Amino acid sequence: MTRYLTQAEALAPEITELRHRLHRWPELGNDLPRTQAAVLEALQGLDLEITRGRASTSVVAVLRGGAGADSAASDRPVVLLRGDMDGLPIPEQTGMEFASEREGLMHGCGHDVHTATLVGAAKMLAARRDELPGDVVFMFQPGEEILAGAKAMLEEGVLEAAGRPVDRAYGLHVLSSVLPSGTWATRPGTLMAGADTLVLDIVGTGGHGSTPSLANDPVPVMAEVILAVQTMVAKKFAAADPVIVNVGVANAGGASNVIPERCHLEMSVRSFSAGAREKVERLLVALVEGICAAHGCRAEVEYVKGVGPTVNDPDATAFVGRVLTGLVGERFSVMEQPLAGSEDFSEVLARVPGAFIFYSGVPAGRDLADTTYNHSATAWFDDAVIGEAMAVYATLAHEALEELARG
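Residues numbered from 1 in each chain as written. Predicted model: local features only at pLDDT ≥ 70, side-chain atom pairs only at ≥ 80, totals over all residues. Heavy atoms only, no water.

Visitor: Talk me through the overall build of the protein chain; I want residue IDs and the actual numbers.
Guide: Secondary structure summary: the protein chain contains nine helices and 16 strands in total. Taking 407 residues into account, the globule formula puts the C-alpha radius of gyration at 22 Å, and the protein chain, at 24 Å, falls close to it. Dimensions of the protein chain along its principal axes, counting C-alpha atoms only, are 80 × 45 × 40 Å. Burial analysis of the protein chain (407 residues in total) assigns 54% to the buried set. For the protein chain, contacts bridging at least 24 residues in sequence account for 82% of all contacts bridging at least 6. Summed over its atoms, the accessible surface of the protein chain is roughly 16,700 Å², and 51% of this surface lies on carbon and sulfur atoms. For the protein chain, the centre of its 32 positive side-chain charges and the centre of its 53 negative side-chain charges are spaced 3 Å apart. (Helix = DSSP H or I, 4+ residues; strand = E, 2+ residues; numbered from the N terminus. Rg over C-alpha atoms; globule rule 2.2 N^0.38 Å. Buried < 20%, exposed > 50% of the residue type's maximum accessible area, 1.4 Å probe, protein only. Contact = heavy atoms within 4.5 Å. Areas by Shrake-Rupley, 256 points an atom, 1.4 Å probe, with all protein chains shown as cover. Lys, Arg positive; Asp, Glu negative; His and termini not counted. Charge placed at Lys NZ, Arg CZ, Asp CG, Glu CD.)

Visitor: Now, about the pattern of salt bridges: what can you tell me, with residues and values included?
Guide: By the definition in use, this model includes 27 salt bridges. For the salt bridge of glutamate 403 with arginine 322, the shortest nitrogen-to-oxygen distance reads 3.1 Å. With a gap of 81 residues between them, glutamate 403 in helix H9 (residues 386–406) and arginine 322 in helix H7 (residues 314–328) connect regions that are remote in the sequence. For glutamate 403, a relative accessible area of 33% puts it in the partly exposed group. (Salt bridge = Lys/Arg side-chain N within 4 Å of Asp/Glu carboxyl O.)

Visitor: Talk me through the sheet that holds strand E12 (residues 262–271); I want residue IDs and the actual numbers.
Guide: Taken in spatial order, the four strands line up as E10-E12-E8-E13 in an open sheet, and their pairing is antiparallel. Whereas interior strands pair on both sides, the edge strands pair on one side only; in this sheet they are strand E10 (243–252) and strand E13 (298–307). Taking each pair of neighbouring strands and ignoring which way they run, the sheet shows an average axis angle of 15°. In terms of strand pairing, E10 meets E12 through nine bridges, oriented antiparallel. Paired with valine 249 across the bridge in E12 is glutamate 266. (Pairing = 2+ DSSP bridges. Axes fitted to C-alpha atoms, helices over the stretch in contact; angles between N-to-C directions.)

Visitor: Can you tell me about H9, naming the residues and giving the values?
Guide: With 21 residues, H9 should cover 30 Å at 1.5 Å per step; its first-to-last C-alpha distance of 31 Å lies within 8% of that length. For H9, a buried count of 15 out of 21 residues is recorded, marking the element as mostly surrounded by other parts of the structure. Phi for glycine 407, located one or two positions after H9, is positive at around 80°. (Expected span 1.5 Å × (residues − 1).)

Visitor: Please give an account of the packing of helix H5 (residues 219–236) against helix H6 (residues 274–294) that cites residues and values.
Guide: The geometry of H5 relative to H6 is characterised by a closest axis approach of 10 Å and an angle of 145° between their N-to-C directions. Where H5 crosses over H6, the two elements pack in a sense that is right-handed. Within the contact between the two elements, H5 uses Val221, Glu224, Val225, Ala228, Val229, Met232 and Lys236 and H6 uses Lys279, Val280, Leu283, Leu284, Leu287, Val288, Ile291 and Cys292. By residue class, the composition of the contact of H5 with H6 is twelve nonpolar, no polar and three charged. (Left-handed = near helix turned anticlockwise from the far one by under 90°. Nonpolar A, V, L, I, M, F, W, Y, C, P; charged D, E, K, R; others polar.)

Visitor: Pulling in residues and values, what's your account of the side chain of glutamate 347?
Guide: Locating glutamate 347 in the fold gives a position in helix H8 (residues 346–349). For glutamate 347, the residues in contact, after removing those within four places along its chain, are Ala150, Lys151, Leu154, Gly306, Val307 and Gly308.

Visitor: Outline the pairing of strand E2 (residues 59–64), supporting the account with residue identities and numerical values.
Guide: Side-chain direction in a regular strand flips from residue to residue, so the side chains alternate between the two faces of the sheet. Within E2, five of the six residues are buried, which leaves the element mostly enclosed by the surrounding structure. One ladder, built from five bridges, connects strand E1 (residues 48–52) with E2; its direction is antiparallel. Opposite isoleucine 50, over in E2, you have alanine 61 as the bridge partner. Where E1 hands over to E2, the hairpin turn is made up of six residues, counted between the paired strands.

Geometric descriptors of this kind do not, in isolation, establish any biological role.
So this is what it looks like as structure tokens:
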């Protein structure tokens, strides 16, 4: 299982330089032309079948394995490896020598690391293509931060890019906090929460602040809604299958002596199972509509579906445990609880057995108490993780193809 570690160590300087180039020029959403160009340039010369996205600047690269080429094409396994590419609208404050050169934008979630290390894995696997008893699909995905990139790539056929369905799918994600330096972790079942958004306008009747009886003030209705939502979360959902509702936007009025006509709320809704996701939507909409109606206000509600929970296949996760234990030993662990963050690789895992895996980007010797989490302006992902991340990507693909080929 350690066949790729030495190869990764030799390749790490090149891939680290690519990571720095990507970090200096983050791009947002599904439109990443410079990032796409950097990936395509880095893949030049490899024996890959490359397709560019139509609805986004995605890149799909298929590596045809040469081992067992006499077997029927339909019997040859396919493994997908995914790396996301987009940045965040955050002004960087890391002080890195290769800090973002784009004002207000930053690779604050480590997607530059993901993209670069997936390129490295493609290079290593291409060098060993004659040993692979199947094909590898490299999924370079934009739009993860807006939870739209995976859906776009699925609609364009990424799971059939090799000419037959993907059998297993794996993704890696670096963390700038939470996990101690050098460690890896995942878990079977739910790994991350689903994410949806409730947008609510409470419409009353505006008026003068001196005569509230002649108006219908939506502001106290907004306050009641905010408190009632938290009570509902605590009382209607089991502790073993929780939901998280956070009011991130609450706007009302513009002058102290004016009763506004409307208030505006936006809520992030996190759930860890399909059942809880359906239930919280139903109860939350009914709750806000009921409170507004009780006060004679109109509720304008939009419930925006994001992505479902990220759920790891148990068998695929057990395989990951064997591979990572062989590569990093006791630095791999099984997580006791899922994380409440969300990830659109869930869309892939809803269709293909596979697993999503976390690893630490915390520098050696750094106290976790002194780190900041992903999406922070000071989130730091150490270059030292690059070699091992490449080796894990490549080993997962190679070992999975061999296991699937054995049946």
